[in-house]
Amino acid sequence: MKNRRLWWLSAALLSLGLFAAACGSDSGDKAAPATTAAPVTTAAPATTAAPATTAAPATTAAPVEDVTLRVLVHQNPPMVEFMES
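Not measured: the values here are computed from a predicted model.

Procedures and definitions
- Residues numbered from 1 in each chain as written.
- Predicted model: local features only at pLDDT ≥ 70, side-chain atom pairs only at ≥ 80, totals over all residues.
- Heavy atoms only, no water.
- Helix = DSSP H or I, 4+ residues; strand = E, 2+ residues; numbered from the N terminus.
- Buried < 20%, exposed > 50% of the residue type's maximum accessible area, 1.4 Å probe, protein only.
- Areas by Shrake-Rupley, 256 points an atom, 1.4 Å probe, with all protein chains shown as cover.
- Expected span 1.5 Å × (residues − 1).

### Let's talk about the overall build of the chain
The helix and strand inventory of the chain stands at two helices and zero strands. Expressed as a percentage of its 85 residues, the buried residues of the chain come to 1%. Taken as a whole, the chain presents about 9100 Å² of accessible surface, with 63% of it coming from carbon and sulfur.

Shown next as structure tokens:
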């Protein structure tokens, strides 16, 4: 009877501990800062003209080859024989 209570108590504590760990926060912050200062505004930099665009060189597509991938499972002799035939 005592072993049964100990078993249930340890299972309940373990479950509660896992639940508490899953609900925890990933951040290292314990509390949010009380106030934050507004960011200082700065003047926007002067705009510059974009460089002239150039046409891309014409490219030709390389011919596509048909590829067959064979996987040989060496730990299964019947499969090896099947793949090699």
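### A closer look at helix H1 (residues 2–22)
Relative to the 30 Å expected for 21 residues at 1.5 Å per residue, H1 spans 30 Å between its end C-alpha atoms, a close match to the ideal helical length. Of all 21 residues in H1, zero are buried, a share of ten percent or less.

Treat this as a map of the structure, not an account of what it does.
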